[in-house]
Amino acid sequence: MRLLLGLFVVALAESRKLINVVEACRHGARSPIVKYEWDTGIWPKGYGGELTPAGEHQHYLNGAVLRRRYVEEHGLLSPKYNSSEIYVRSTDYNRTIMSALSQLYALYPEGAQLHSSEMEQAAVPPFNVSNMQAVISELGMNALPNGFQPIPVHVVSKEYDLTLRAYDPLACPYFNEINNYIQNIGFSQQKAFKYENGLRHIIKTTLGTDVDYFQAWGIGDTLYSDWFHGYDFPPGITMDLFWEIMDNTNYTNYYQFTQSPDMYGARLASTKFFEDIINNFEAAMAGTSPVKFYFYSAHDTTLNGFLNGLEQFNYENPPFASTLFFELYDEGNGGYTVRTLYNDQHLQLKGCTQPVYCDYYEFKAFLQSRIVPNIYKMCNVTYDYPGKQRGFLSDP
């Protein structure tokens, strides 16, 4: 009996085929958002959260893993870039766009070549450039130096990005109400009171910076970037004090999801993304779309919202270059399953009867239970959106 069961499990694994993947990630390591005089870090690209070489390195390694997994092992993606197979979207920030490009460079390390040697002389711009022949000779048959393959990264303006930044009141004005509500509930007030009557004085004495509780995130953000990149803390900042400051910083990065009634903030923040996953997977199952890999490059707050939407948040802020994957498998028997991975660890979602490969329709039912109907209306957006009634003929 055990032998038959083992053979059955092996047969299932052999018939299982990966047919679609959705990835959401946090950008890689970056410079601090806010500049403080006491900061010991060196940031050649400037402040404002610019991606550092360490962040580029992180996402290049992510891409190398994905190439091994999705190109070499599963054969999901072609060895060379095929525009019909992959769709990449980023938030409108340098660090997220550059993180996406860094990951894609490793996913597709070999770029295109000219289709004939005649094109070396024919494929030139319509103007004269000195020493053009030297550049042409250096390129050879490569379209670009070092075989680089450019890949388009699509961006939506911040005020319209309900998929990756719905938590931003600029995109979803209703979050102003959520934030105001949470900042005045008992738990937030307790944390603010504790900060105002202890940590604020310590920070002011140690660093010479005096900010209230809801602005203190910038201090933790700067110290975290320093710590990650190996720079010394300013005098007086111990590891215990650092983690105490980080506890406050992290709370203000996820409270709009964990503290809103019925986790409504998390549901708003993840609705459009969950809708995208369902639409992408169903198009793959129906064979109506050639896209096999959807890649979203975003922020820690983005992943906090998604993880809370999935009811999988562990109250630890996603580290730089964190990833969240949804893999759709054809089981070969008419059924489909989904494997969900956060930083390469399996997540068992509510309603899934199997621990790793969740039946697609169980997965879909759970996501649908988290989706907010008519998110445009609930967010109080003022711009035109799909299905909005507009024009004098349709106005009531």
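Nothing here was measured: the structure is a model prediction, and the numbers come from that model.

**Describing the overall build of the chain**
Helices and strands together make up the secondary structure of the chain, namely 13 helices and 8 strands. Along the longest, intermediate and shortest principal axes, the C-alpha atoms of the chain span 70 × 70 × 65 Å. In the chain, which comprises 396 residues, the proportion classed as buried is 48%. Looking at the chain alone, contacts between residues at least 24 apart form 71% of all its contacts between residues at least 6 apart. Carbon together with sulfur atoms contributes 54% to the accessible area of the chain, which is approximately 19,600 Å² in total. Charge separation in the chain, taken as the distance between the mean sites of 29 positive and 42 negative side-chain charges, equals 4 Å.

**What about the state of the cysteines?**
As enumerated under the stated definition, the model contains 2 disulfides in all. Sulfur-sulfur distance for the disulfide between Cys172 and Cys379 comes to 2.0 Å. Linking Cys172 and Cys379, the disulfide has an S-S dihedral of approximately -90° and is accordingly described as left-handed. One end of the pair, Cys172, is in the loop between β3 (154-155) and α6 (174-183); the other, Cys379, is in the segment after α13 (375-378), with 207 residues separating them in the sequence.

**Here's the deal with the confidence of the model for the chain**
Put simply, the chain has an average pLDDT of 91, and 93% of its residues get 70 or more. Taken together, the stretch residues 4-11 has pLDDT below 50 and engages in 0 contacts with residues farther than four places along the chain or on a different chain.

**Topic: the packing of α6 against helix α9 (residues 239-258)**
Close contact between α6 and α9 brings their axes to 9 Å; oriented N to C, the two are set at 110°. Considering the angle they form, α6 stands roughly perpendicular to α9. Where α6 crosses over α9, the handedness of that crossing is right-handed. Contacts between α6 and α9 involve Phe175, Ile178, Asn179, Ile182 and Gln183 from the first element and Tyr251, Tyr255, Gln256 and Phe257 from the second. Partitioned by chemical class, the residues of the contact of α6 with α9 number 6 nonpolar, 3 polar and no charged.

**Overview of unusual backbone geometry**
Notably, Glu311 is not glycine yet its phi reads approximately 60°, a positive angle. The residue Glu311 is located in the loop between α11 (300-309) and β5 (323-330) in this model. A relative accessible area of 33% places Glu311 in the partly exposed class.

**Considering the side chain of Asn20**
Mapped onto the elements of the fold, Asn20 is located in strand β1 (residues 17-26). Looking at Asn20, the relative accessible area reads 0%, which means it is buried. Of note is the side chain of Asn20, whose polar atom sits 2.9 Å from the backbone oxygen of Val291. Contact partners of Asn20, with chain neighbours within four places excluded, come to Leu76, Asn280, Phe281, Ala284, Val291, Lys292, Tyr294, Phe326, Glu327 and Leu328.

**Observations concerning the pairing of strand β4 (residues 293-298)**
With 6 of 6 residues buried, β4 is to be regarded as a mostly interior element. Of the two faces of β4, the one holding Phe293, Phe295 and Ser297 and the one holding Tyr294, Tyr296 and Ala298 are both buried throughout. Bridging between β1 and β4 involves 6 bridges; their strand directions are parallel. What sits directly across from Arg26, in β4, is Ala298. Bridge analysis of strand β2 (residues 86-90) against β4 gives 5 bridges, and the strand direction is parallel. Note on β4: the bridge partner recorded for Ser90 is Ser297.

**Details of the packing of aromatic side chains**
For any pair of aromatic rings, the description rests on two quantities: the centre-to-centre distance and the angle between the ring planes. For the coordinates displayed, the defined rule picks out 35 aromatic pairs. Arranged with centres 5.4 Å apart and planes meeting at 75°, the rings of Trp227 and Trp243 form a pair that is edge-to-face. One end of the pair, Trp227, is in helix α8 (residues 217-228); the other, Trp243, is in helix α9, and 16 residues separate them in sequence. Of the residues examined, Trp227 reaches a relative accessible area of 35% and is grouped as partly exposed. Relative to Phe242, the ring of Phe233 has its centre 4.9 Å away and its plane inclined at 40°; by these criteria the two rings are tilted. Residues Phe233 and Phe242 agree in their burial class; the two are buried. Members of the aromatic cluster, connected to one another through ring pairs, are Phe187, Tyr195, Tyr213, Phe214, Tyr251, Tyr254, Tyr255, Phe313 and Tyr315. Arg16 extends its terminal NZ or CZ atom over the ring of Tyr357, reaching a point 3.8 Å from the ring centre. Above the ring of Tyr93, the side-chain terminus of Lys158 is found at 4.5 Å from the ring centroid.

**Considering the pattern of salt bridges**
In this structure the tally under the stated criterion is 18 salt bridges. A salt bridge links Lys292 to Glu85; the nearest nitrogen and oxygen atoms lie 3.9 Å apart. Residue Lys292 is found in the loop between α10 (264-286) and β4, and its partner Glu85 is found in the loop between α2 (53-73) and β2; the two are separated by 207 residues along the sequence. Among the salt bridges present, the one from Lys364 reaches Glu282, with a minimum N-O distance of 2.7 Å. One end of the pair, Lys364, is in helix α12 (residues 360-370); the other, Glu282, is in helix α10, with 82 residues separating them in the sequence. Its relative accessible area of 18% is what places Lys364 among the buried residues. Via salt bridges that share partners, Glu196, Arg200 and Asp210 belong to a single interconnected network.

What counts and how
- Residues numbered from 1 in each chain as written.
- Predicted model: local features only at pLDDT ≥ 70, side-chain atom pairs only at ≥ 80, totals over all residues.
- Heavy atoms only, no water.
- Helix = DSSP H or I, 4+ residues; strand = E, 2+ residues; numbered from the N terminus.
- Buried < 20%, exposed > 50% of the residue type's maximum accessible area, 1.4 Å probe, protein only.
- Contact = heavy atoms within 4.5 Å.
- Areas by Shrake-Rupley, 256 points an atom, 1.4 Å probe, with all protein chains shown as cover.
- Lys, Arg positive; Asp, Glu negative; His and termini not counted.
- Charge placed at Lys NZ, Arg CZ, Asp CG, Glu CD.
- Disulfide = S-S within 2.5 Å.
- pLDDT = per-residue confidence, 0-100.
- Axes fitted to C-alpha atoms, helices over the stretch in contact; angles between N-to-C directions.
- Parallel < 35°, antiparallel > 145°, perpendicular 65-115°, else oblique.
- Left-handed = near helix turned anticlockwise from the far one by under 90°.
- Nonpolar A, V, L, I, M, F, W, Y, C, P; charged D, E, K, R; others polar.
- Polar contact = N/O pair within 3.5 Å; in protein donor to acceptor, adjacent residues only side chain to side chain.
- Pairing = 2+ DSSP bridges.
- Phe/Tyr/Trp six-rings, centres within 6.5 Å; stacked < 30°, edge-to-face > 60°.
- Lys NZ or Arg CZ within 6 Å of the ring centre and 35° of its normal.
- Salt bridge = Lys/Arg side-chain N within 4 Å of Asp/Glu carboxyl O.

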